[in-house]
Amino acid sequence: MNAWAAEGRTRLLTYVRKRIREPEQAEDVVQEAIMRVIEQERKQVIEQPLAYAFRVADSVIFNRGRRSADDGGPVDPEIACALPLADEILDYRQRFDRFQAALSRLPAQRRAVFVERHLEGKSRQQIADEMGLSIEAVKKHLVRAMIDLDGCIDDRVAGRGLRHD
């Protein structure tokens, strides 16, 4: 098993258990997510494989839910609602607020590099050119921002702010 998978398996399992209705299926979801990430790593370099595994786990959960809904027979269109549940909205808002707070505590340049890359979608080279930095400096800012932001929206560190393990 890859080093990131061995180290992050427990975190991923905790994350999945909180998001599915049948916690006994969490192990299967985690296994499928890890296998998908490993397969993708064979095709391309993934800079943050554990973070990617969390997103893949969300996709696996969604697909399993959709399959089970399809197996449940016809759904009355008058009853079905595509909107998220109230507790899901609250959870997302709280996680977003924690992310915003952690982002605001980053040093200005690190925050600017992170926002340009991950929210504006600019390439590292574009950021380096626009900010007058070397490509290596941009990479360092991105890595440090990811380290500073790691776990800020995860329930296990709620209310603690930035982690400094």
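Structure: above.
These remarks concern the structure in this document. Along each chain, the written sequence defines residue order, and numbers are assigned to residues from 1. Only residues with pLDDT of 70 or above have their local features reported here, since the model is predicted, and side-chain atom pairs are shown and tallied only from 80 upward, although totals for entire chains, interfaces and linings are computed over all residues. Side-chain calculation: all heavy atoms of the structure are included, whereas hydrogens and water are not.

Section: the pattern of salt bridges
For this document, the term salt bridge refers to a Lys or Arg side-chain nitrogen within 4 Å of an Asp or Glu carboxyl oxygen. The final tally for this structure, using the stated rule, is nine salt bridges. Note that R9 is salt-bridged to E27, the shortest N-O span being 2.2 Å. A residue pair is termed long-range when its members are at least 10 positions apart, and R9 in helix α1 (residues 3–19) and E27 in helix α2 (residues 26–43) qualify at 18 residues. E27 gets classed as partly exposed once you look at its relative accessible area, which sits at 34%. A salt bridge links D148 to R110; the nearest nitrogen and oxygen atoms lie 2.5 Å apart. With a gap of 38 residues between them, D148 in helix α7 (residues 135–149) and R110 in helix α5 (residues 108–119) connect regions that are remote in the sequence. Taken together, the shared-partner salt bridges connect E116, K122 and E130 into one network. Numbering of helices and strands starts at the N terminus; helices are DSSP runs of H or I of at least 4 residues and strands are runs of E of at least 2. For the exposure calls, accessible area comes from a 1.4 Å probe over protein chains only, and a residue counts as buried if that area is under 20% of its type's maximum, exposed if over 50%, partly exposed in between.

Concerning the packing of aromatic side chains
Aromatic pairing here means that ring centres of Phe, Tyr or Trp (its six-membered ring) are within 6.5 Å. Orientation follows from the plane angle: under 30 degrees is stacked, over 60 is edge-to-face, and everything else is tilted. All chains considered together, the criterion is met by two aromatic pairs. Ring centres of Y15 and F54 lie 4.8 Å apart, and the angle between their planes is 80°; on these two criteria the pair is classed as edge-to-face. Of the two residues, Y15 sits in helix α1 while F54 sits in helix α3 (residues 49–71), which places them 39 residues apart along the sequence. The same class applies to Y15 and to F54, which are both buried.

Topic: the environment of I61
Structurally, the position occupied by I61 is in helix α3. A sequence separation of 36 residues divides I61 from Q25, and the C-alpha atoms of the two residues are 9.8 Å apart. The contact criterion used throughout is that any non-hydrogen atoms of two residues lie within 4.5 Å. Sequence-distant contacts of I61, defined by excluding residues within four places in its chain, comprise V16, R19, I20 and V29.

Overview of the environment of V60
Turning to its location among the elements, V60 is positioned in helix α3. Other than its neighbours up to four places away in sequence, V60 contacts V29, E32, A33 and R36.

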